[in-house]
Structures are given as structure tokens and as C-alpha cells.
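What follows is each chain in one-letter form.
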Amino acid sequence: MSMFLYALCVYADVFEFMQRSQRASQLLRQAQHVKIEWGSVSRTDKVLHRHFNIKTLEETNELEVLVTVRKDQSELAQALDLTHELVHALSVQHLDPYNPELTAADYMKTTIEGGGGEVEALIAECQALIEFRQQGFAVDHRCAPYILHQKVSRSKILSAYYRTGEWKERVQKRLGYFARHFQYLSSQKPLLYSSTGNTPYPYALLEEFDMLTAEACLNTHKRIENMEGKNELIAGMRLFLLKRCQVEAHLDEPR
Ligand SMILES: [Zn+2]
């Protein structure tokens, strides 16, 4: 059975529900190749598999995308979650953790504001909610503060993602010089929390960046050890280590 047919059987109800919204059904049509499964939280995981052939020195990359939808909720809530996650899943944007120039500030900004990022995903989710409501489905939803006269406000969503409450100082400290580029960053009570932790998005993303960096540094060190004599490639890796793997001011432990 093909992946799509299999998904069609398991998710028939939520897929059918999504047909009531133009935005949701449009995303679903584009996502026939995306792997979807049920779980306890809704999220999208993108894993970049790097295959490195030490003999030919050839490197190939393969991006695996998996969408998980929280099962124990109404079909409407499942449909809204899936709409949101499909925006992430369909985005071609991928931040390479091995890019020597990647900074914590880039990572945070692109993940929140970039194509297929959090702001775009929540806009799609809220647009779908408006369409479901027009069909008579009344529901309390986290989109309510961002909908005005049947329109979704991008600027309200953008500033909501940067409300960090008591985490603001730690986020600013981690961003250092780059903190001044985030005009929306505020200490107002957070409204949106990352599904991977119980912290507001900016803080969760900086933590995620530090984890990804630590892993990429470790892998690069290991690779260099295995590559004596291959000086050209080692030079590229040394540049990465120099730019990204020095001890930096990482996030303080949460109180
Ligand atoms: Zn999201």
C-alpha cells in the first residue's frame, strides 16, 4: 500500500474534516508525500541525514520530514493542528547546522519569521479556523486574539511569538549584540509555548540551537580524527569549529 493510501485510511476522518476549509485542503493536496502519524503532541520533525563516503569524499544529504498530530482531541482541533504542521512540513527552508556562519539569532529569527516558520503556520491555522467557524463550528481557540473582522493579523501574531515574560533577560543575554535586532522581544506574559518544552518560543529555540550546535561540533571533531591526510576537507571543518564551536555564553539554567 502506498504511503498516501495508508495515510488516507488511518486519517480519513481528519482529512475529510479539512475539506471544509480552503486553506487546510489546499495544504493537504500539496502534502501527499509527507509522512503523518498520531502522537501525544503535534509537531514536525525534520532530520537531515548526511552520508559521507570517506573513500570518495562524496557527501550526500537526505531530508526526512515527519508530522505528528495529537490524537486525543476533537477532529476540529486535529485538523487545525495538522494545518499548522503542514506549513512547516512543506517549507523547503532548512537551516544547515553545519553552516559556519549560522548564529543563534539567525536560527531564532528564521524559525519564527522565515518561510514555513511559526508565524506563517499560525496564520494558516487561524485562517482555517475562520473557515471552520463559517461552517458553524464554534470553538474557543488560541487564534482568537489574532482574528479581527474575519481577518488574521500577522503583526499581532508576530509580537505574540516574542512575548517571553520572565525569560526575556536570558534570551537577551544569549543573543548578546544581536538582541537589538529583535524589536518585538518583550517581557509581556508569554502566549505561545513551544510544543517541545514548556518555555516561550525564543527561549526554546535558543536551547534547541545550542543542542544542535553541540551535536554538530562533536560530529565534526570525530570526522577530523578519521581523516588524517585529507587536508582540503579538514580545512573546511576547522573553519566550522573555529566559528561555531568556541565556548560561548550559553543559556543560563532555568530557575
Ligand atoms: Zn509550529
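Each remark here, short or long, concerns the structure printed above.
The written sequence of each chain sets the order in which its residues are numbered from 1. In keeping with the predicted nature of the model, local features appear solely for residues at pLDDT of at least 70, side-chain atom pairs appear and are counted solely at 80 or more, and the whole-chain, interface and lining totals rest on all residues.

Engineer: I'm lost on the overall build of the protein in this one. Help?
Structural biologist: In DSSP terms, a helix is any run of H or I states spanning at least four residues, a strand is any run of E spanning at least two, and both are numbered starting from the N terminus. Secondary structure summary: the protein contains ten helices and five strands in total. Its C-alpha atoms give the protein principal-axis dimensions of roughly 65 × 50 × 25 Å. Split into buried and exposed, the 255 residues of the protein put 28% on the buried side. Contacts here follow a simple rule: the backbone-placed C-beta atoms of the two residues must lie within 7 Å. Within the protein, residue pairs in contact and separated by at least 24 positions form 68% of the contacts whose partners lie at least 6 positions apart. Once C-beta atoms are placed from the backbone, each residue is buried if 20 or more other C-beta atoms lie within 10 Å of its own, exposed if 12 or fewer, and partly exposed for counts between those two.

Engineer: I keep staring at the nonpolar core and nothing clicks. Help me out?
Structural biologist: Side chains of nonpolar character tend, in soluble globular proteins, to be buried together. Put simply, a nonpolar core is a cluster of buried Ala, Val, Leu, Ile, Met, Phe, Trp, Tyr and Cys residues tied together by C-beta atoms within 7 Å. Counting residues in hydrophobic clusters, the biggest one holds 45 residues, and the most contacted among them are M18, L27, A79, L86, A128 and L206. The dominant element in this core, judged by the number of residues it contributes, is helix 6 (residues 118–134), at eight residues.

Engineer: How should I be thinking about the pairing of strand 3 (residues 58–70) in this particular structure?
Structural biologist: Regular strands show a simple pattern: their side chains alternate between the two faces of the sheet. Criterion used throughout: strands pair if DSSP finds at least two bridges between them. Where strand 1 (residues 35–39) and strand 3 come together, five bridges link them in parallel fashion. Bridge assignment links I36 to a residue of strand 3, and that residue is V67. Looking at chain direction, strand 2 (residues 43–53) and strand 3 are connected through eleven bridges and run antiparallel. Note on strand 3: the bridge partner recorded for H49 is E62. From the end of strand 2 to the start of strand 3, which pair antiparallel, there are four residues, and L57 there has a positive phi angle of about 65 degrees.

Engineer: Explain the environment of K151 here, please?
Structural biologist: Here K151 lies in strand 5 (residues 151–152). For the pair K151 and I123, spaced 28 residues apart in the sequence, the C-alpha separation amounts to 9.7 Å.

Engineer: Is there a simple way to think about the sheet that holds strand 2 in this case?
Structural biologist: Note on sheets: strands pair through backbone hydrogen bonds, and any given pair is parallel or antiparallel. Pairing within the open sheet is mixed, and its three strands lie in the order 1-3-2. Among the strands making up the open sheet, the edge pair consists of strand 1 and strand 2. The mean angle between the axes of side-by-side strands here comes to 30 degrees, regardless of whether they run parallel or antiparallel. Helix axes are fitted only over the stretch in contact, all axes being lines through C-alpha atoms; the angle between N-to-C directions runs from 0 to 180 degrees.

Engineer: What exactly am I supposed to notice about unusual backbone geometry here?
Structural biologist: Keep in mind that most residues, glycine aside, have a negative phi and that most peptide bonds are trans. The backbone of H149 sits at a positive phi, close to 50 degrees, despite the residue not being glycine. Here H149 lies in the loop between strand 4 (147–148) and strand 5. Positive phi values are uncommon outside glycine, yet Q150 reaches one of about 65 degrees. When you line up the elements, Q150 lands in the loop between strand 4 and strand 5.

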